[in-house]
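Residue strings, one per chain:
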Amino acid sequence: MPLVVLNRPVDGVPSVVPDPRIGVVRALSMLRRYHHTAITYVSGATSWANQSRWSCLHDIGQRMGFRMNHIGPVRPSVEGGYQAALALENSKPTVVITYNDLIAAGIVLRLTADGVRVPEDISVIGFDNTLIAPVVTPPITSIRIPRDLLGQAAVRLLLGRESGAVRNPADAQLMDQLKELGVRNEEEQSANVTLVDTSIIVRRSVGERRAE
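Residues numbered from 1 in each chain as written. Predicted model: local features only at pLDDT ≥ 70, side-chain atom pairs only at ≥ 80, totals over all residues. Heavy atoms only, no water.

### A closer look at the pairing of strand β6 (residues 123-128)
Point 1. Across the six residues of β6, six count as buried, placing the element largely inside the fold.
Point 2. Here strand β5 (residues 95-98) pairs with β6 via three bridges, running parallel. Each residue of the ladder has a partner; that of V96, found in β6, is V124.
Point 3. The handedness of the β5 to β6 crossover, carried by helix α4 (residues 101-113), is right-handed. (Buried < 20%, exposed > 50% of the residue type's maximum accessible area, 1.4 Å probe, protein only. Helix = DSSP H or I, 4+ residues; strand = E, 2+ residues; numbered from the N terminus. Pairing = 2+ DSSP bridges. Right-handed = clockwise from strand over helix to strand, strands pointing away.)

### Quick word on the packing of helix α1 (residues 21-33) against helix α6 (residues 169-180)
Point 1. Where α1 meets α6, the closest approach of the two axes is 10 Å, and the angle between their N-to-C directions is 90°. Viewed along their axes, α1 and α6 adopt a mutual orientation that is roughly perpendicular. On α6, the residues touching R21, I22, V25 and R26 of α1 are A170, D171, L174, M175, L178 and K179.
Point 2. Grouping the amino acids of the contact of α1 with α6 by side-chain chemistry returns six nonpolar, no polar and four charged. (Axes fitted to C-alpha atoms, helices over the stretch in contact; angles between N-to-C directions. Parallel < 35°, antiparallel > 145°, perpendicular 65-115°, else oblique. Contact = heavy atoms within 4.5 Å. Nonpolar A, V, L, I, M, F, W, Y, C, P; charged D, E, K, R; others polar.)

### With respect to the pattern of salt bridges
Point 1. With the rule as written, the count across this model stands at seven salt bridges.
Point 2. Put simply, D19 and R21 hold a salt bridge, and the shortest N to O gap is 2.6 Å.
Point 3. A relative accessible area of 1% places D19 in the buried class.
Point 4. A salt bridge links D114 to R110; the nearest nitrogen and oxygen atoms lie 3.1 Å apart. (Salt bridge = Lys/Arg side-chain N within 4 Å of Asp/Glu carboxyl O.)

Take a look at the structure:
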């Protein structure tokens, strides 16, 4: 029976997985325009997806001149975001990127309740672009995982067709630049893995770096 795995690679089985690189580099480019210099990543529970996101952020962030910090793991939930917010208030970073939107939402809600302003005091970026991201106040900027494209690619593979992934010209040029800089996804070398590009959905949770 034909089989395709979504959202993580499995040895010997066709897999369709999101590639964080384009979404991450566009997010970090925005942060650099806002004069941020250090990023704290809040890790979710140990998983392939969490490691993929942190590895990509760490690699690209260092190449772009950011200081990269890491806290967690916390539960990948709003409650996990509350927990992370306590640590963030003590360390006072200017920008935080989280494993998913639920953690980001918990951080925004807890910081706001404690009188910390988002994005004036701290900018917050989530991952996944799920339904919670636009309904929090302020709405959360998120690195979008294109679930529709993941599903379409998986169905094509099940039908024995090419994955059909299409990259727009701007993203194609950006990916060529990343490869020239040596920024690669280790899954690229696997004939069984189809990579699907991410993107950035900008909302009001990101702003200029606060004055120290």
